[in-house]
Amino acid sequence: MGKLYVVGIGPGSIKNMTIRAKEAIEESEIIVGYTKYIELIKPLIADKEVFSTGMKGEEERCRQALMLSKEKTVSIISTGDSGIYGMAGLILELRKEEDVEVIPGITASSAAASILGAPIMHDNCNISLSDLMTPYEIIKKRVDMSAASDFVISLYNPKSRGRQHYLRETIETIKKYRQGTTPVAVVKHALRDGQDVKLFTLDSFKDDEVDMMCIVIVGNSQSYIKDGIFITPRGYKI
Ligand code: SAH
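Residues numbered from 1 in each chain as written. Predicted model: local features only at pLDDT ≥ 70, side-chain atom pairs only at ≥ 80, totals over all residues. Heavy atoms only, no water.

S.K.: Which residues make up the sheet that holds strand β6 (residues 117-118), and what values do they have?
M.R.: Across the sheet, three strands lie side by side as β6-β13-β12; this open sheet has mixed pairing. Each end of this open sheet is capped by a strand with a single partner; those strands are β6 and β12 (224-226). Where β12 meets strand β13 (residues 229-231), three bridges bridge the pair, whose relative direction is antiparallel. Each bridged residue has a counterpart across the sheet, and for Ile225 the counterpart in β13 is Phe230. (Pairing = 2+ DSSP bridges. Helix = DSSP H or I, 4+ residues; strand = E, 2+ residues; numbered from the N terminus.)

Here it is in structure tokens:
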């Protein structure tokens, strides 16, 4: 009887992986994942069988992982947390009798937040700007309502070639509800090689260098920058 671990490997450096995630990968005979993510854990999997596919092979990857796990110990990996725009949902939807265990990881918003300071200290919501599975109309509505409710907003999948204008439109929508001085951070490759941080305000925001390797965090009405550090107060009277 095999087993399937659905592993969140964290933002992309082995140091920022949980001990449980590392152990699951080490215990596995087969590793399944997107080619680029497999690269991130190369040092851990030298002796293992690897099944990797390109970006859009998600369903194939999940079916394959479930099938292989009937006989062997398998890990299917996602970056960050596998339960946040990762593989956990699809695996559990497709699962029949297979033994599946979901192992959490540090998601991109937490990784980026630790670099910036404390931007998601208060109520935060994650919105993916990818319309591959969510119609843009729904994305726009979620942006509008979360902006209106003063959530700190973490934007995953902020920009890709096919939908260049979504991010600019999102920022414009948030501006309807927040001051132009509200901090906006772009973190590229958080906690992995190539890390880069840019701080803006809603008024000065430029999306030129934003791509799919970035996460964008927009502060709430109370957020501010102090000595280059992005803070959203929790509300302590100091
Ligand atoms: N399961 C992942 C999210 C996958 S969606 C997680 O929990 O983090 C892919 C998006 O996540 C990317 O487009 C980017 O917006 C964000 N992302 C993932 N890792 C990142 C990192 N190290 N730095 C910045 N953004 C990252």
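S.K.: Which residues make up the environment of Asp207, and what values do they have?
M.R.: Position of Asp207 among the secondary structure elements: in the loop between β10 (196-201) and β11 (214-218). With a relative accessible area of 7%, Asp207 lands in the buried category. When the C-alpha atoms of Asp207 and Ile171 are compared, they prove to be 9.8 Å apart, with 36 residues separating the residues in sequence. (Buried < 20%, exposed > 50% of the residue type's maximum accessible area, 1.4 Å probe, protein only.)

S.K.: Let's hear about the site of the ligand: which residues, and what values?
M.R.: Within the structure, the ligand sits among 19 residues, and Ile84, Thr107, Ala190, Met212 and Cys214 are positioned closest to it. Contact between the ligand and Ala108: an oxygen atom at 2.9 Å from a main-chain N or O atom of the residue. For the ligand, the accessible surface in isolation is 540 Å², of which the surrounding protein chains cover 95%. Each residue belonging to the shell around the ligand can be placed in one class, and the counts come to twelve nonpolar, five polar and two charged. (Near = heavy atom within 4 Å. Polar contact = N/O pair within 3.5 Å; in protein donor to acceptor, adjacent residues only side chain to side chain. Areas by Shrake-Rupley, 256 points an atom, 1.4 Å probe, with all protein chains shown as cover. Nonpolar A, V, L, I, M, F, W, Y, C, P; charged D, E, K, R; others polar.)

S.K.: So, unusual backbone geometry: which residues are in play, and what are the values?
M.R.: The phi torsion at Asp150 lies on the positive side, around 65 degrees, for a residue other than glycine. Considering the arrangement of structural elements, one finds Asp150 in the loop between α6 (136-148) and β8 (152-156). The backbone of Leu191 sits at a positive phi, close to 50 degrees, despite the residue not being glycine. Considering the arrangement of structural elements, one finds Leu191 in the loop between β9 (183-188) and β10. Residue Leu191 is classed as partly exposed on the basis of its relative accessible area, which comes to 21%.

S.K.: Any details on helix α3 (residues 58-68)? Residues and values, ideally.
M.R.: Within α3, the full set of buried residues consists of Arg61, Cys62, Ala65, Leu66 and Leu68. Buried residues of α3 fall within an arc of 170 degrees about the axis and therefore sit on the same side. Tucked inside the fold, the buried residues of α3 contact β1 (3-8), β2 (30-34), β3 (49-53), β4 (73-78), α4 (88-94) and β5 (100-103). (Arc of directions from axis to C-beta. Contact = heavy atoms within 4.5 Å.)

S.K.: Tell me about the pattern of salt bridges, and name the residues and values.
M.R.: One pass over the structure, following the stated rule, counts 17 salt bridges. One salt bridge connects Glu26 with Lys22, and the closest N-O pair in it is separated by 3.4 Å. One end of the pair is Glu26 and the other is Lys22, both in helix α1 (residues 19-27) and four residues apart, which spans about a single turn. For Glu26, a relative accessible area of 39% puts it in the partly exposed group. The class of Lys22 is partly exposed, set by a relative accessible area of 32%. Taking the shortest distance from any N to any O, the salt bridge between Asp150 and Arg178 comes out at 3.7 Å. In this pair, Asp150 sits in the loop between α6 and β8 while Arg178 sits in the loop between α7 (165-175) and β9, placing the two residues 28 residues apart along the sequence. One continuous salt-bridge network, built from bridges that share partners, spans Lys3, Arg20, Asp99 and Glu101. (Salt bridge = Lys/Arg side-chain N within 4 Å of Asp/Glu carboxyl O.)

S.K.: How would you summarise α6 if you had to cite specific residues and measurements?
M.R.: Between its first and last C-alpha, α6 extends 18 Å over 13 residues, near the 18 Å set by a 1.5 Å rise per residue. For α6, every residue scored as buried is listed here: Tyr136, Ile139, Val143, Asp144, Ser146 and Ala147. Each element contacted by the buried residues of α6 is listed here: β7 (124-128), β8 and α7. Looking one or two residues past α6, Asp150 carries a phi angle of roughly 65 degrees, positive in sign. (Expected span 1.5 Å × (residues − 1).)

S.K.: Any chance you could break down the side chain of Arg163 for me, citing the residues and the numbers?
M.R.: The topology assignment puts Arg163 in the loop between β8 and α7. One buried charged residue, Arg163, remains without a salt bridge, the closest side chain of opposite sign being Asp131 at 4.1 Å. Looking at Arg163, its side chain comes within polar contact range of the main-chain oxygen of Leu129, at 3.1 Å. In contact with Arg163, other than residues within four places in its own chain, are Leu129, Ser130, Asp131, Asn157, Pro158 and Met212. (Lys, Arg positive; Asp, Glu negative; His and termini not counted.)

S.K.: Hey, could you go over the packing of aromatic side chains for me, with residue numbers and the actual values?
M.R.: By the definition in use, this model includes four aromatic pairs. Both rings, one in Tyr34 and one in Tyr37, keep their centres 4.8 Å apart while their planes meet at 90 degrees; by these two values the pair is edge-to-face. (Phe/Tyr/Trp six-rings, centres within 6.5 Å; stacked < 30°, edge-to-face > 60°.)

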